[in-house]
Amino acid sequence: MHPDHTAPRYTPPPSPSRGSRRLRNIVVTLALGAALFAAGAIMLEPDQTTASRPLGQGQSAGPPRGSIEALQARVARLPKDPGGWAALGMAYVQQARTTADPATYDRAEKALRTSLTVQSKGNTDAEVAMGALAAARHDFPAALRWARKATTSGPYSSSAYGVLADAYTQLGRYDEAEEAVQKMTDLRPDAASLARASYAFELKGDTDRARALMRRSLAAAATPADIAFAHNILASLDLQDANPRAALAETQTALRAAPTDSALLETRARAHLALGGTSKAITDYRAAIAIAPLPHYLLGLGELEQSLGHRDQAEEQYALLRAQDRIREAAGAPADTDATLFEADHGNPQRAVTMAEQAERTRPFIAVHDAHAWALHRAGRDAEALAHADKALALGTRSALFHYHRAAIHHALGDSEAARRDLTEALREPGFHPLHADAARALLQRIDTRP
């Protein structure tokens, strides 16, 4: 999407060929690894295909259409159907993202490889899903390769351009990401494309436009998952704009319809925390973790417990994070930003630097630059840290945590005025972090009261 457009343009796409097979009503959440960037967890609502066609006459009703059980039954009945295998693979990707079970990715890849074996050329469904799988594994160069294949074989597939936009974003190629988002919205201005357009503006700090587009995404949402996603992003934008009461109202509304949505529970926890409701925040964090023990949930709860002096409870969460990181390291996967920040603050800062360096090679995204900056700062390498902190904020992103990190780096380098500017911006959101918000206030006070 081009920066001067407040709303995506729409040009009706040509009708797809009769032989094309497209996915529909399978939502893929691509976790981007930073709690402050919930909008990076963009859903993908692919186009219509055989995977969601109504049951024909004489067919018995079975598991819900589009469910993993129904798709498993489909491929058992039609083992040479590439669209069925692609739909099953995509469903496994979503299951892995919502359950935090990385083993499910292997099942996804097996299903998708089967689809590509059955139909090796022009299999846009499987190429889109392979791109989504690669992105979920944080292999963004591979996601880009698959997305390019998908846009070539399916030039009118909005889903293919969605994966392309996600890959470009995480590779730090933001102008190309905007072009892909624009193409996606031109082809199909639905909930998924409007959500990506919203995120493009959020990354640049334009939360008003981001909110307007996400409201349009909510209006276009066709599934409960899409509706919950949109409400969650709207609440996250409210938190960025220092309006936790609005965020709380947004999540309350959404949770009435989706009471077991872990992302909504985590966002409501942050809203409660910003309003001083620590007990309610702990309850929501624990509920979210019981559903999906994602790293940023564990880190959020652990640091909240630590801020309250509950060392044993905090250590429970930290132990889980360490166990998750051992599994990640054994698999040879790059570290997420949460793992890097956790290691920087609660482990070995030099190891955190190594983790960030490895992640940045394949994911030079702003959140990775921020985590790299913080790891370098904690390791005492502030001159190097500042360059990465500047990259993290180069787009104008309104992240209180990023600004606090850069403020601490500026202060360590002796630039109190620059530190004051970043601290003032960070504290525009007073409850931005259970530990660092208090540290930011204390640092600003020291700067303001110095002789």
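Structure first, text after, so check above.
Here's what I pulled together on the structure shown here.

Thresholds, definitions, all that
- Residues numbered from 1 in each chain as written.
- Predicted model: local features only at pLDDT ≥ 70, side-chain atom pairs only at ≥ 80, totals over all residues.
- Heavy atoms only, no water.
- Core = buried A, V, L, I, M, F, W, Y, C linked by side-chain atoms within 4.5 Å.
- Buried < 20%, exposed > 50% of the residue type's maximum accessible area, 1.4 Å probe, protein only.
- Contact = heavy atoms within 4.5 Å.
- Phe/Tyr/Trp six-rings, centres within 6.5 Å; stacked < 30°, edge-to-face > 60°.
- Helix = DSSP H or I, 4+ residues; strand = E, 2+ residues; numbered from the N terminus.
- Lys NZ or Arg CZ within 6 Å of the ring centre and 35° of its normal.
- Salt bridge = Lys/Arg side-chain N within 4 Å of Asp/Glu carboxyl O.
- Expected span 1.5 Å × (residues − 1).
- Arc of directions from axis to C-beta.
- Polar contact = N/O pair within 3.5 Å; in protein donor to acceptor, adjacent residues only side chain to side chain.
- Axes fitted to C-alpha atoms, helices over the stretch in contact; angles between N-to-C directions.
- Parallel < 35°, antiparallel > 145°, perpendicular 65-115°, else oblique.
- Left-handed = near helix turned anticlockwise from the far one by under 90°.
- Nonpolar A, V, L, I, M, F, W, Y, C, P; charged D, E, K, R; others polar.

What follows covers the nonpolar core. In this structure, Leu88, Leu133, Leu164 and Met214 are the most contacted members of the largest nonpolar core, which totals 60 residues. Contacts of Leu88, omitting those with residues within four sequence positions, involve Ile68, Leu71, Gln72, Val75 and Ala111. Counting residues in each nonpolar core, the second largest holds 28 residues, with Val353, Leu376, Ala389 and Ala419 among its members.

Okay, the packing of aromatic side chains next. In the structure shown here, the tally under the stated rule is 4 aromatic pairs. Summarising the aromatic geometry, the rings of Tyr318 and Phe342 are spaced 5.2 Å apart at their centres and angled 50° between planes, so their arrangement reads as tilted. Here the residue Tyr318 occupies a position in helix H15 (residues 311-331), and Phe342 occupies one in helix H16 (residues 337-346), the gap between them amounting to 24 residues. Take Tyr318 and Phe342: they sit in the same class, and that class is buried. Ring centres of Tyr404 and Phe432 lie 6.1 Å apart, and the angle between their planes is 45°; this geometry places the pair in the tilted category. Placement of the pair is Tyr404 in helix H20 (residues 400-412) and Phe432 in the loop between helix H21 (416-426) and helix H22 (436-448), with a sequence separation of 28 residues. Judged by its relative accessible area of 8%, Phe432 falls in the buried class. By way of ring pairs, the aromatic residues Trp374, Tyr404 and Phe432 are connected into one cluster. Positioned over the ring face of Trp146 is Lys149, at 4.4 Å from the centre of the ring.

For the rest of this paragraph, the subject is unusual backbone geometry. Of note, the phi angle at His138 is positive, near 65°, even though the residue is not glycine. Among the secondary structure elements, His138 is positioned in the loop between helix H4 (124-136) and helix H5 (140-153). Of note, the phi angle at Ala242 is positive, near 60°, even though the residue is not glycine. Examined against the element boundaries, Ala242 turns out to sit in the loop between helix H10 (224-240) and helix H11 (244-257).

Glancing now at the pattern of salt bridges. One pass over the full model with this rule turns up 31 salt bridges. Asp336 serves as the salt-bridge partner of Arg363, at 3.6 Å between the closest nitrogen and oxygen. Of this pair, Arg363 sits in the loop between helix H17 (349-362) and helix H18 (366-378) while Asp336 is found in the loop between H15 and H16, placing the two residues 27 residues apart along the sequence. Note on Arg363: relative accessible area 3%, which makes it buried.

This brings us to H17. In this model, H17 (14 residues) spans 21 Å end to end at C-alpha, consistent with the 20 Å of a helix rising 1.5 Å per residue. Among the residues of H17, Pro349, Ala352, Val353, Met355, Ala356, Ala359 and Glu360 are the ones counted as buried. The buried residues of H17 occupy one face: seen down the axis, they fall within an arc of 165°. Residues of H17 that are buried sit in contact with H15, H16, H18 and helix H19 (382-392). Regarding H17, its N-cap is Asn348, as a side-chain oxygen of that residue lies 2.9 Å from the backbone nitrogen of Gln350 further along.

Attention now goes to the packing of H5 against helix H6 (residues 158-170). Viewed as axis vectors pointing N to C, H5 and H6 meet at an angle of 150°, and their least axial separation amounts to 8 Å. Put simply, H5 runs roughly antiparallel to H6. The chirality of how H5 crosses H6 is left-handed. On the side of H5, the interface is formed by Phe140, Ala143, Leu144, Ala147, Arg148, Ala150 and Thr151, while H6 contributes Ala160, Tyr161, Val163, Leu164, Ala167, Tyr168 and Gln170.

This part covers the side chain of Thr397. Mapped onto the elements of the fold, Thr397 is located in the loop between H19 and H20. Within the structure, the side chain of Thr397 is placed 2.4 Å from the backbone oxygen of Leu203, a separation counted as a polar contact.

Running from N to C, helix H14 (residues 295-307) and H15 cross one another at 155°; their axes reach a closest spacing of 7 Å. In terms of orientation, H14 lies roughly antiparallel with respect to H15. Considering the relative orientation of H14 and H15, their crossing is left-handed. Of H15, the residues touching H14 (which contributes Pro295, Leu298, Leu299, Leu301, Gly302, Glu303, Glu305 and Gln306) are Arg311, Gln313, Ala314, Gln317, Tyr318, Leu320, Leu321 and Gln324. Counted by class, the contact of H14 with H15 contains 8 nonpolar, 5 polar and 3 charged residues.

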